[in-house]
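Each chain, written out:
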Amino acid sequence: VGALADALGDATIFQLRIREEAGAIGQKMPAELDAALAKVSADFSASDLEGALAPYADEPAVEPLRKLASIWSGGASGVATEAVADALERFLAVEERFVGRADTDAATRELVKAAPRPEAAAVLLAHAKLGDRAALVRALIAALPRVQALPGRATEDEAARLEK
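In this report, the structure presented in the accompanying data block is examined. (Residues numbered from 1 in each chain as written. Predicted model: local features only at pLDDT ≥ 70, side-chain atom pairs only at ≥ 80, totals over all residues. Heavy atoms only, no water.)

For the rest of this paragraph, the subject is the packing of aromatic side chains. If you walk through the whole model with that rule in mind, you get 1 aromatic pair. Ring plane angle 40° and centroid distance 5.2 Å describe the contact between Phe-14 and Trp-72, whose orientation is recorded as tilted. Here Trp-72 lies in the loop between helix H5 (63–71) and helix H6 (75–95) and Phe-14 lies in helix H2 (residues 13–25), a separation of 58 residues in the sequence. For Phe-14, a relative accessible area of 5% translates into the label buried. Look at Trp-72 and you get buried, because its relative accessible area is 9%. (Phe/Tyr/Trp six-rings, centres within 6.5 Å; stacked < 30°, edge-to-face > 60°. Helix = DSSP H or I, 4+ residues; strand = E, 2+ residues; numbered from the N terminus. Buried < 20%, exposed > 50% of the residue type's maximum accessible area, 1.4 Å probe, protein only.)

What follows is the structure in structure tokens.
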């Protein structure tokens, strides 16, 4: 988790993500936008990317870049906050299905009856790895000060998700 926080703090990570998304778009990328994004520097921000994308508002091929700009609008801190909140929500979504049940067998029976088989199997497999997942949650919580110290600022929505 600490390595994730350190990696997100690197000023070039956003630049690399832009190049990755642009490369995935390939030939569908408008030539002028492709040329502009090839010159992206480490200080290029999400708002800069949004500005570069503005003339291509009706171009569906650049949607991955618009999504990237939205994700990075809060800077590295926003991205890390979103990732931590997502991991915690996923953990809770699984474990809340087992809380308050008489025993694990009862929770398993309820789950198998109520959910489609692939979903039930995924939840049961995740719950079976509770120890490892709990260790990850502890590491995420311990890393929160590092996440909050990253450049940028989590949006209000990202911060609210983390406060839940």
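Still more to cover.
With that out of the way, let us pick up the environment of Val-62. Within the secondary structure layout, Val-62 lies in the loop between helix H4 (46–53) and H5. For the pair Val-62 and Ile-25, spaced 37 residues apart in sequence, the C-alpha to C-alpha distance is 7.2 Å.

Once that is clear, we can look at the pattern of salt bridges. Should their charged atoms come close, side chains of opposite charge can pair. As enumerated under the stated definition, the model contains 7 salt bridges in all. Here Arg-17 and Glu-21 are joined by a salt bridge, their closest N and O atoms 3.1 Å apart. One end of the pair is Arg-17 and the other is Glu-21, both in helix H2 and 4 residues apart, which spans about a single turn. Of the residues examined, Glu-21 reaches a relative accessible area of 18% and is grouped as buried. Close ionic contact of Asp-86 with Arg-90 constitutes a salt bridge, the shortest N to O distance being 3.3 Å. Taken together, the positions of Asp-86 and Arg-90, both in helix H6 and 4 residues apart, correspond to about one turn of that helix. Classification of Asp-86 by relative accessible area gives partly exposed; the value is 32%. Connected through shared salt-bridge partners, Arg-17, Glu-20 and Glu-21 make up one network. (Salt bridge = Lys/Arg side-chain N within 4 Å of Asp/Glu carboxyl O.)

Quick look at the nonpolar core now. In terms of nonpolar packing, the biggest core is built from 31 residues, with Ile-18, Leu-37 and Leu-49 touching the most fellow members. Those elements that provide at least two residues to this core are H2, helix H3 (31–38), H4, H5, H6 and helix H9 (130–148). Of all the elements, H6 adds the most residues to this core, at 6 residues. Those residues in contact with Ile-18, other than ones at most four positions away along the chain, are Leu-37, Val-40, Phe-44, Leu-49, Leu-65 and Leu-68. (Core = buried A, V, L, I, M, F, W, Y, C linked by side-chain atoms within 4.5 Å. Contact = heavy atoms within 4.5 Å.)

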